[in-house]
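Overview (structure and organization)
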Amino acid sequence: MLETETASKGPVTASGVGQGRAAEPLVTVEDLRVRLVSRDQNLSLLQGVSFTLKEGEVLCLLGESGSGKTVTVRSLMRLLPPSAQVSGKINIGGTDILALKPRQLRQVRGGLISMIFQEPATALDPTFTIGNQIAETIRVHENVSQAEARKRALNLLEMVQVPSAARRLDAYPHELSGGLRQRAMIALALSSRPKVLIADEPTTALDATVQIQVLLLLRELQRELGMATIFVTHDVGVACEIADKVAVMYSGRFVETGTIDDVLAAPAHPYTSGLLHAVVNSEARGTRLTPIPGAPPDLSSLPPGCSFAPRCPRVQSACNDRVPDLVEVSDGHASRCILARDLSLQGTQELRQ
Amino acid sequence: MLGVMPQAREEALRQKPADVGGPRQPMLIVDDLVKHFKLTGGAPGNRPVVRAVDGVSFVVQKGETLGIVGESGCGKSTTARLLMQLVKPDAGVIVLDGEAVDAPHGITIRQLQRAVQMVFQDSYASLNPRMTLEDTIIFGPRAAGKPRVEARNAAHSALRMVGLAPELFARRYPHELSGGQRQRVNIARALAMSPRVLILDEAVSALDKSVEAQVLNLLQDLKESLELTYVFISHDLNVVRYISDRVMVMYLGKVVEVGPVASIYESARHPYTQALLSSRPSMDPKQRRTELPLSGDPPSPISPPSGCRFRTRCALAEAVCAEREPPLADFESGHMAACHAVIPGSGHSLAAKPS
């Protein structure tokens, strides 16, 4: 099954990122499974997620709430609650993340892999100034003086384009607007030069005008610093702006993976095409929208076969037998659907017309 | 998809309050609405105020959907709350179907609050977790003096109208439903009051895309079959374009542009509207946005800039923009914009000279 994962194959064709064929993947995730077991529930949150990511690549996890996007990235940071049972392999830059002891985790978090959260207002500490929070993080990871750390903090705020950065260094989070707070959090995340940056819906809480500013900034920083980035979003438009590769998630599995161009041009999974059709675009006015019927499945009682089958317009009896494999439909483009090849062919034909 | 069932529809139309002013009378006329919130702190008598809504006027025709867009803090939600009188306006007049609200010879605030209903963004927070859906929906009609049996029937028909079978859902609690279903319940609660106007304040913003489309279709169906008028507030410009007949753009408590949906989206006149429109993601990975349409955040509504409030972020700003506030000038067929650069004779170098 792993052989068919797009991520493990060849260089990425989109926009020339991924430094050549020889580059070793920086992030390797194999068969990641997460269960949340407690007295009154037994939820299967992730059911075998595998991918690889090279330096400088941007992978976008796209899906609806409850599909497992956040659980995936939180397992990479080991940020799940103790009641979560995690299995599989996570290797980042040669470090086996799941084997780390709490002490070692402190160095890895922020140093090797770092995260930007959706709500900057709750992720920043309200009782310390922005400058203090960034300087503290730098001093946890590197042996530098207070003054040196503060200077670095100032440079970071300038890098994330905070206007009058010197003054903002002494501002508390509540004194900043949402956009500036999110920039401050990006500065904080980048303060110890991580190799992998995780951004969990970083623009969802922002206004449209500020969202595009933050997206352009992240794109610029990512290109300059060459970090591997995992970007979580539910918004196809945001994915279009930032992703090289995209993985569409549904009930704890990747259902389609590929370059953003391929997936958007010729979606090879009925869920992906359903999602693209449900997005309200400028041509939709005066027509009826085509929503995906029903609601996402209950994670405590998933169907035995394809978990999208109950909502799928092209469902067949074979769909309910077993979970389909992720099959490759073209170079680097794969779909977890028994009709994957037909759908992809259809998409390509529509594109030509 | 479950459409509106004919029997439920007839029932609802029977309950509907009579049209008072006739079809040409606008459903809502709002004139010079003002709300300044006093902040705590500072010397008494000299407390700073947030100019949340600062002289907003607009009209909503019968059967029309007015979309209101703008960044957070522009006053769109405050406008909605003022319309419902959930917050008391400092000044301004609201006229519902020819009858002034809270004025001599007009209608009372309670009458307004029956005819105008609201659906909020957070579907979970707006339902009482300890009440069954039926009890939640009955609450309004009961408070309005309906007998218990009649109120219960109204609740069931409202549930049917939003596509939730009362036999299955009436006795359930909010936590047993998905986000989309909960938002349907909120819509049903509004419908049970047989309203004439629905104010939808970011009503679909918290929903997943596939479910959002379901609720938007439902709203379109309900509007048509129940002859409703909508005020639709959202930050999602694509959704507003889809559902609205006319669009109003707000910035820092003021209306900067208003007009028919096609003319706003295809030929926006105000630089702020243009910037908002080009902030939307491109939806095409081959043509990504590279230019920043607008830098910075909106200034504080506590001390807004003099003259035109947008001038501090505007690429076209000139001296005249700081001196005088641009009026909302009429261009063609109801398309109005408040920008010196497009108002002839304003003194701005880009404006046409008066002939």
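Here the structure is a predicted model, which is why all the values come from computation and not from measurement.

**Comments concerning helix H4 (residues 130-141) of chain A**
All names here are of chain A. Between its first and last C-alpha, H4 extends 17 Å over 12 residues, near the 16 Å set by a 1.5 Å rise per residue. Along H4, the residues that are buried comprise Ile130, Gly131, Gln133, Ile134, Ala135, Thr137 and Ile138. Close packing links the buried residues of H4 with helix H2 (102-111), helix H5 (146-159), helix H6 (165-168) and helix H7 (178-190).

**Re the pairing of strand E7 (residues 196-200) of chain A**
All names here are of chain A. Taken across its five residues, E7 has five buried, putting it largely inside the fold. Burial along E7 is two-sided: the residues Val196, Ile198 and Asp200 and Leu197 and Ala199 are all buried. Bridge count for strand E6 (residues 113-116) against E7 is four bridges, and the pairing is parallel. Bridging across to E7, Ile113 finds its partner in Val196. Where E7 meets strand E8 (residues 228-233), five bridges bridge the pair, whose relative direction is parallel. Residue pairing for E8: Ala199 is matched across the bridge by Phe231. Following the backbone out of E7, through helix H8 (residues 208-225) and into the adjacent parallel E8, one traces a crossover that is right-handed.

**Concerning the nonpolar core**
Soluble, globular proteins show a tendency: their nonpolar side chains are buried together. Of all hydrophobic cores here, the largest spans 196 residues; its most connected members are Cys60(A), Val196(A), Ala239(A), Ala158(B), Ala188(B), Val231(B) and Val249(B). Each of domain 1 (7-13 + 26-39 + 47-249) and domain 2 (271-282 + 291-337) of chain B gives at least three residues to this core. Contact partners of Val196(A), with chain neighbours within four places excluded, come to Leu26(A), Val27(A), Ile92(A), Leu112(A), Ile113(A), Met227(A) and Ala228(A).

**Examining the environment of Ala188(B)**
Residues and elements named next belong to chain B. Position of Ala188 relative to the elements: it lies in helix H7 (residues 179-191). Counting along the chain gives 146 residues from Ala188 to Gly334, while the straight-line C-alpha distance between them is 33 Å. Once residues within four sequence positions are removed from consideration, Ala188 is found in contact with Ile137, Ala158, Leu159, Met161 and Val162.

**Some remarks on the confidence of the model for chain A**
Summarising the model, chain A shows a mean pLDDT of 87, and 92% of its residues fall at 70 or more. Low pLDDT, under 50, characterises residues 1-22 of chain A; the predicted model gives this stretch 54 contacts beyond four residues in sequence or across chains.

**Overview of the interface of chain B and chain A**
With 35 residues of chain B at the interface, the matching set in chain A holds 35 residues. Among the elements of the structure, helix H8 (209-226), helix H9 (237-243) and helix H11 (271-278) of chain B are those that each provide at least two residues to the side of chain B that touches chain A. Broken down by element, the side of chain B that touches chain A gets its largest block of residues, seven residues, from H8(B).

**Quick notes on the sheet that holds strand E5 (residues 99-100) of chain B**
Residues and elements named next belong to chain B. With antiparallel pairing, four strands are arranged side by side in an open sheet as E2-E1-E4-E5. Both outer strands of the open sheet, strand E2 (49-60) and E5, are each paired with one neighbouring strand and no more. Where strand E1 (residues 28-38) meets strand E4 (residues 91-96), five bridges bridge the pair, whose relative direction is antiparallel. Looking at the pairing, Ile29 lines up with Val95 of E4. Of the strands in this sheet, E1, E2 and E4 are in contact with helix H2 (residues 76-83), which crosses E2 at around 65°.

Each value, and the rule that gives it
Residues numbered from 1 in each chain as written. Chains lettered and ligands numbered in written order. Predicted model: local features only at pLDDT ≥ 70, side-chain atom pairs only at ≥ 80, totals over all residues. Helix = DSSP H or I, 4+ residues; strand = E, 2+ residues; numbered from the N terminus. Expected span 1.5 Å × (residues − 1). Buried ≥ 20, exposed ≤ 12 C-beta atoms within 10 Å, placed from the backbone. Contact = placed C-beta atoms within 7 Å. Pairing = 2+ DSSP bridges. Right-handed = clockwise from strand over helix to strand, strands pointing away. Core = buried A, V, L, I, M, F, W, Y, C linked by C-beta atoms within 7 Å. Domains from an automatic or database assignment. pLDDT = per-residue confidence, 0-100. Axes fitted to C-alpha atoms, helices over the stretch in contact; angles between N-to-C directions.

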